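Below, each chain spelled out in residue letters.
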Amino acid sequence: MKVRESSLYKVFGAVLILMAVLSSSCKKEASTGETKINPPVKSYIITARIDKKGTNTNAEGTGILKGTYDEGTKQLIYTLNFEKIAPTIITLRSGIKGSVGELVKEIYKSNGQISELEITGRLTLNPLQERNLLKGLWFVAMNTVSDSPDISGVLTFKQK
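All figures in this text were calculated on a predicted structure; none of them were measured in a lab. (Residues numbered from 1 in each chain as written. Predicted model: local features only at pLDDT ≥ 70, side-chain atom pairs only at ≥ 80, totals over all residues. Heavy atoms only, no water.)

Visitor: Quick one: what's the story with the overall build of the protein chain, residue by residue and with numbers?
Guide: A tally of regular secondary structure across the protein chain gives two helices and nine strands. Ordered by position from N to C terminus, the α and β elements of the protein chain give α-β-β-β-β-β-β-α-β-β-β. Looking at the protein chain as a whole, 32% of its 160 residues qualify as buried. Just so you have it, the protein chain exposes about 11400 Å², and 55% of that area is on carbon and sulfur atoms. (Helix = DSSP H or I, 4+ residues; strand = E, 2+ residues; numbered from the N terminus. Buried < 20%, exposed > 50% of the residue type's maximum accessible area, 1.4 Å probe, protein only. Areas by Shrake-Rupley, 256 points an atom, 1.4 Å probe, with all protein chains shown as cover.)

Visitor: Please set out the pairing of strand β2 (residues 62-70) residue by residue, giving values where relevant.
Guide: Across a regular strand the side chains alternate sides, sitting on one face of the sheet and then on the other. Taking every second residue as pointing to the same face, the buried face of β2 carries G63, L65, G67 and Y69, while none of T62, I64, K66, T68 and D70 on the other face is buried. In terms of strand pairing, strand β1 (residues 43-50) meets β2 through eight bridges, oriented antiparallel. Directly across from S43, in β2, lies its bridge partner D70. Here nine bridges tie β2 to strand β3 (residues 75-83), and the two strands are oriented antiparallel to one another. (Pairing = 2+ DSSP bridges.)

Visitor: Before we move on, could you go through the layout of surface pockets and cite the residues and values that matter?
Guide: Roughly 500 Å³ of internal volume is contained in the largest pocket. Taken together, 24 residues line the largest pocket, and the ones lying closest to its centre are G54, G98, S99, F139 and S152. Of all elements in the fold, only β4 (89-94), β7 (138-143) and β8 (151-154) reach the threshold of two or more residues within the lining of the largest pocket. Taken together, the residues that form the lining of the largest pocket break down as nine nonpolar, 12 polar and three charged. (1 Å grid on protein atoms, 1.4 Å probe; cavity = no way out; pocket = protein on both sides within 12 Å on 5 of 7 lines; lining within 4 Å. Points joined across faces, edges and corners; volume = space filled by probe spheres on them. Nonpolar A, V, L, I, M, F, W, Y, C, P; charged D, E, K, R; others polar.)

Visitor: For the nonpolar core, give the residues involved together with the corresponding values.
Guide: One finds L65, L80, I90, L92, W138 and L155 to be the most contacted residues of the largest nonpolar core, which totals 26 residues. Within the residue set of this core, elements represented by two or more residues are β1, β2, β3, β4, β5 (102-109), β6 (118-124) and β7. For L80, the residues in contact, after removing those within four places along its chain, are I50, I64, L65, I90, I107, L117, E118, I119 and M142. (Core = buried A, V, L, I, M, F, W, Y, C linked by side-chain atoms within 4.5 Å. Contact = heavy atoms within 4.5 Å.)

Visitor: Please give an account of a nonpolar patch on the surface that cites residues and values.
Guide: A surface patch of nonpolar side chains, about 270 Å² in accessible area, is lined by V11, V15 and M19. Residue placement: V11 occurs in helix α1 (residues 2-25). Taking the relative accessible area as the measure of exposure, V11 reaches 51% and is therefore exposed. (Patch = residues over 30% accessible without salt bridge, like charges linked within 9 Å, V, L, I, M, F, W, Y side chains within 5 Å. Salt bridge = Lys/Arg side-chain N within 4 Å of Asp/Glu carboxyl O.)

Keep in mind that these numbers describe shape and distance, not what the molecule does.
Structure representation (structure tokens):
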């Protein structure tokens, strides 16, 4: 009987050791240093051709806005040139094509005389403004004394 008891203890001991090994190998260790992958920061070249096509007027004036936008700094840097128009106000707007749009920024206001033919500026965008810009919803509107807007143009962009 002693032989059976000792072999039973050996089998029982072996089973306990096997269970201990299996249970410890199934435990998952909590990862403390998770690695997050951030999307690449993009920068864009911004262009807007401003003319009467966007407003259906008879205006002869034209303009061009050139600039850059960087997702990292959220900075829109632009230069606007125009000719054959005496704008009273120039605005950046956000909205669908053919709408009046929502005012984003007034970039030029005149008392009736043209004081500048080149306007430069910088604008820091909030998340909603950035989303609308990248969706292609921004445009430039130039108003004159006679028409509001007289000429306009949509901002287009391409990745650098």
